[in-house]
Amino acid sequence: MRRGDIVAIPTEALYVLVADPLNLHAVGRVFAAKGREIHRSLPMLINSTFMAEELAKDLSTRFYILARHFWPGPLTMIVPSSAKVPLKVTGNTGRLAIRQSRSRVAQALLDWLDQPLVATSANISGQPTCKSGIDVFGVMDGSVDLVLDAGPLAGLGATTVDITEPYWKVIREGAISEKEIGECLKTAGV
């Protein structure tokens, strides 16, 4: 990965492509492998709120409440990006989608590398996400350097919530419902 390779790993419910976000060659390879438009940001996996604080700027109370309640787990939060994150990773938006996964594989990789990772669904943009290592080989053959195969996975993917505006909004609902997010924030008085 430090050489710019792309690896597919299992998370809670699906496989993701991971790469070094500071290696712009690797980032470009992820965009090409997925056929992803370059103005769409690439989500990142982190191993702690400390890592989030390094990658984001002006984290809100809302961020800390949601992170404390749902991380590690299937919640991706869109936050303002710091200058440490290459604009290419943010799709030139200055916004960053981050998540701390429950996956032991993801956590071990993040801890071992001691850095965040680009982590986007293992699929061609607009197509279903791969739920097994064999699917990744079939769909992404030639675009991925290594697949860590944990067999078939089941369940819903992560929910994505944008907390950059004065009002939060769910961009994509997955394993955590909009109602659960709203109740968590309401209980905290935010």
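All values derive from a computational prediction rather than experimental measurement. The residue numbering used here restarts from 1 in each chain and proceeds along that chain's sequence as written. Two thresholds apply to this predicted model, a pLDDT of at least 70 for residue-level local features and 80 or more for giving and counting side-chain atom pairs, whereas whole-chain, interface and lining totals are computed over all residues. Values shown for side chains rest on all heavy atoms present in the structure; no hydrogens or waters enter the calculation.

K.L.:
How would you sum up a negative patch on the surface? Please name residues and give values.
P.N.:
Residues form patches when they are more than 30% accessible in relative terms and have no salt bridge. Like charges link within 9 Å. Nonpolar side chains (Val, Leu, Ile, Met, Phe, Trp, Tyr) link within 5 Å. Computed with the Shrake-Rupley method and a 1.4 Å probe, the accessible areas treat only the protein chains shown as cover for residues. For this analysis, a salt bridge means a side-chain nitrogen from Lys or Arg found within 4 Å of a carboxyl oxygen belonging to Asp or Glu. Residues counted as positive are Lys and Arg, residues counted as negative are Asp and Glu, and His and the chain ends are not counted. Working definition for charges: the position is that of NZ of Lys, CZ of Arg, CG of Asp or CD of Glu. Taken together, E53, E54, D111 and D114 make up a surface patch of like negative charges. Counting from the N terminus, the helices are the DSSP runs of H or I reaching at least four residues and the strands are the DSSP runs of E reaching at least two. Mapped onto the secondary structure, D111 falls in helix 4 (residues 104-113).

K.L.:
With reference to specific residues and values, describe the layout of surface pockets.
P.N.:
We place a 1 Å grid over just the protein atoms. Points where a 1.4 Å probe fits but has no way out form a cavity, open points with protein on both sides within 12 Å along at least 5 of 7 lines form a pocket, and any residue with an atom within 4 Å of a point lines it. Grid points are joined across faces, edges and corners, and a volume is the space filled by probe spheres set on the points. Of the volumes computed, that of the largest pocket is approximately 860 Å³. Around the largest pocket sit 39 residues that line it, and R36, P43, T76, T160 and R172 are the ones nearest its centre. At the level of secondary structure, the elements contributing two or more residues to the lining of the largest pocket comprise strand 3 (44-45), strand 4 (75-80), strand 5 (95-99), strand 6 (117-121) and strand 9 (169-172). With 4 residues, the top contributor of residues to the lining of the largest pocket is strand 5. By the convention adopted, Pro, Cys, Tyr, Trp, Phe, Met, Ile, Leu, Val and Ala count as nonpolar, Lys, Arg, Asp and Glu as charged, and the other residues, Gly among them, as polar. For the lining of the largest pocket, the residue count by class is 15 nonpolar, 15 polar and 9 charged.

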